[in-house]
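For reference, the chains in residue letters:
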Amino acid sequence: MNRRNFGILGASSFGALATYLNNVRPAMAAVVPDRLKTELTPLGGERAGNADGSIPAWTGGLTQMPDGWEPDKNGLMPDFFAGDAKLLSIDASNMEQYQDRLSVGTIEMMKKYGYRIDVYPTHRTAAAPQWVYDYTYQNALNTQMDANGAKYGFTGAYGGTPFPILDTDPNIAGAQAMWNHQTRWQGTAYTRNEANYVVDSTGALTLSAGQRQFVRYPYYMPGGSASNYSGLYIQSYTKYIAPANQIGQEFLDYQPTNMFSSPERVWAYMPGEGRVREEPDMTYDTPAPGLSGYINQDEYDIFRGSMDRYDWKLIGKKEMYTPYNNNKLYLATPQEGHGQHFINPDLLRWELHRVWIVEATLSPGKRNVMAKRRFYIDEDTWTVLLGDTWDAEGNYWHFGVNTMENRPDFPAGVLISTTVIADLQANHYLSSVGIWNESPYNQPVLLGVPPQQLFDARSMAAQAQF
């Protein structure tokens, strides 16, 4: 039919966590958010650097564009730190020396495929507008977890990090940290082209789907409030623009901040069917569309979606090597960026950052093909930077990497712009929602709220010819 015009931490880490959590909530509740103006950043990270200075203090993040550079004319963002000298490289030959700062998956990739990471000086580029900081301050006082448990969602928050200061109970704090990831600041709305690539076990690179992505964040619309917003933290409309057999498919995705009272919803339009259908099963471990079955629906951004099938626990906070400030990657073509088993290490920048570590295990009676998962969450942005998964037999399975783009124009010092997930059992991997230095995926991002009708399933249906 035609259309008329989407490894466990050591004891020292547990001790550090206990010390931190014992001090996160002063006796007077009114004093709690004041810490976001003193020893903590406005979103809840530690302002101070570490003892040896390898992690600097946060001083406001990256908020200035280069002189004379205009996003709508210059296309892709520049590499803001191209002049930095590499500090060290880590691979299987020396990883034992640095293993305390490496995730499980990073080590597994080194052992199995000869993976390498190049470490550069740390830049704490995270930033958001002052109004986001102001809302976060209020959220520290007002956010309420769902009565059925933190993993089901929250109310009383709007426009900022919902839990900038985590609960003292690790079994509550784990879910709170994951909500901070899901509702992290990524701007208010934008439109851009993105590419999903898969690399099979032989190293063959294939475009699985190219897409035009329209995104708005109802939770972050300036001037709103917790009492009058829609209850959705994201609405995304995706239209496939390549390859030929995918062109015309459309998806509409709603993600709520309280999944107990309002579950996530997905609608799909398939040109061959000529109608819009709500897809209630397009959640959890259902294979994700447009990614050749390589990952599941809840693996976008390493994790996104309903959290009710897992029990979540905050394991600790730790200094670890993570991907960060990765604009150099986006200046490469897809062919330059993809190797046989991993993204080209020459293009991927790693830095030392403090991360919260959260572990998810299946709740009794619940199912997901991923029985255990671990997430490494940036303290400054609340973005999951790395992820590990294990199957039901306890075998290591998926290694996830979120690469981070510097976007002072949002302003957002860091923004996920390519997610990479490697399957160490099937020996293949993918890069999703990527921007690359190749048309049409190197077009300028359009800021501003897309037309509201794009996010209405009825409008999708009204355009279909039957």
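Residues numbered from 1 in each chain as written. Predicted model: local features only at pLDDT ≥ 70, side-chain atom pairs only at ≥ 80, totals over all residues. Heavy atoms only, no water.

A. Local environment of the overall build of the chain. Within the chain one finds 9 helices and 18 strands. For 466 residues, the compact-globule formula gives about 23 Å, and the C-alpha radius of gyration of the chain, at 21 Å, lands near that figure. Taken along the three principal axes of its C-alpha coordinates, the chain extends 65 × 55 × 55 Å. Relative to its 466 residues, the chain shows a buried fraction of 60%. Just so you have it, the chain exposes about 17,700 Å², and 50% of that area is on carbon and sulfur atoms. Charge centroids of the chain, computed over 37 positive and 49 negative side chains, lie 3 Å from each other. (Helix = DSSP H or I, 4+ residues; strand = E, 2+ residues; numbered from the N terminus. Rg over C-alpha atoms; globule rule 2.2 N^0.38 Å. Buried < 20%, exposed > 50% of the residue type's maximum accessible area, 1.4 Å probe, protein only. Areas by Shrake-Rupley, 256 points an atom, 1.4 Å probe, with all protein chains shown as cover. Lys, Arg positive; Asp, Glu negative; His and termini not counted. Charge placed at Lys NZ, Arg CZ, Asp CG, Glu CD.)

B. The arrangement of the nonpolar core in detail. In this structure, I90, Y115, I117 and Y321 are the most contacted members of the largest nonpolar core, which totals 51 residues. If one sorts the elements of this core by residue count, helix α4 (residues 104–113) sits on top with 5 residues. Residues A157, F163, Y233 and V384 belong to the second largest nonpolar core, which totals 49 residues. (Core = buried A, V, L, I, M, F, W, Y, C linked by side-chain atoms within 4.5 Å.)

C. Expanded view of the side chain of T183. For T183, the location among the structural elements is in the loop between α6 (170–182) and β5 (189–199). For T183, a relative accessible area of 1% puts it in the buried group. The contact partners of T183, leaving out residues within four places of it in the chain, are F154, P162, Y219, Y220, Y233 and T257. (Contact = heavy atoms within 4.5 Å.)

D. A look at the pairing of strand β14 (residues 384–390). With 7 of its 7 residues buried, β14 lies for the most part within the structure. Direction of pairing for strand β13 (residues 372–378) relative to β14: antiparallel, over a ladder of 6 bridges. The residue of β14 that forms the bridge with F375 is G387. Connecting the antiparallel pair β13 and β14 is a turn made up of 5 residues, with W382 showing a positive phi of about 65°. Across 4 bridges, the pairing between β14 and strand β15 (residues 396–407) is antiparallel. For D388, the partnering residue across the bridge sits in β15 and is F399. The antiparallel hairpin formed by β14 and β15 contains 5 residues in its connecting segment, where G394 sits at a positive phi of about 85°. (Pairing = 2+ DSSP bridges.)

E. Expanded view of α4. Buried residues dominate α4, accounting for 7 of its 10 residues. Among all positions of α4, only V104, G105, T106, I107, M109, M110 and Y113 are buried. Once α4 ends, the next one or two residues include G114, with phi positive near 75°.

F. The arrangement of the packing of aromatic side chains in detail. Counting across every chain of the model gives 27 aromatic pairs. Taking the centre distance of 5.2 Å and the plane angle of 70° together, the rings of W185 and Y220 count as edge-to-face. One end of the pair, W185, is in the loop between α6 and β5; the other, Y220, is in the loop between β6 (205–216) and β7 (232–242), with 35 residues separating them in the sequence. By the burial criterion, W185 is buried, and Y220 matches it. Relative to Y220, the ring of Y219 has its centre 5.0 Å away and its plane inclined at 85°; by these criteria the two rings are edge-to-face. You can call Y219 buried: its relative accessible area is 0%. Members of the aromatic cluster, joined through ring pairs, are W131, Y135, F154, Y158, F163, W179, W185, Y219, Y220 and Y229. Cation over ring: K372 sits above W390, and NZ or CZ is 4.9 Å from the ring centre. (Phe/Tyr/Trp six-rings, centres within 6.5 Å; stacked < 30°, edge-to-face > 60°. Lys NZ or Arg CZ within 6 Å of the ring centre and 35° of its normal.)

G. A look at the environment of V358. With respect to the helices, strands and loops of the structure, V358 is situated in strand β12 (residues 349–362). For the pair V358 and M178, spaced 180 residues apart in sequence, the C-alpha to C-alpha distance is 7.9 Å. Those residues in contact with V358 that sit more than four places away from it in its chain are G174, A177, M178, W312, K313, L314, R373, R374, F375 and I377.

H. View of unusual backbone geometry. A cis amide bond links F410 with the next residue in sequence, P411, at an omega value of -10°. Along the chain, S439 connects to P440 via a cis peptide bond; the corresponding omega equals 5°. Within the secondary structure, P440 sits in the loop between β17 (428–434) and β18 (446–447). Positive phi is not limited to glycine here, since S292 has a value of about 55°. Its place among the elements puts S292 in the loop between β10 (275–278) and β11 (310–323). A positive phi is found at V433, a non-glycine position, where the angle reads about 40°.

I. Molecular detail of the pattern of salt bridges. What the rule picks out here adds up to 31 salt bridges. E39 is paired through a salt bridge with R35; the nearest N and O atoms lie 2.5 Å apart. Judged by its relative accessible area of 38%, E39 falls in the partly exposed class. The partner of R373 in a salt bridge is D298, with the nearest N and O atoms 3.1 Å apart. Separated by 75 residues along the polypeptide, R373 in strand β13 and D298 in the loop between β10 and β11 bring together distant segments of the chain. Summarising the burial analysis for this pair, R373 and D298 share the class buried. (Salt bridge = Lys/Arg side-chain N within 4 Å of Asp/Glu carboxyl O.)

J. Just the environment of T333, in detail. Structurally, T333 can be placed in the loop between α7 (327–330) and α8 (334–337). As a C-alpha pair, T333 and Y441 span 108 residues in sequence and 9.6 Å in three-dimensional space. When near neighbours in sequence (up to four residues on either side) are disregarded, T333 contacts W436 and N437.

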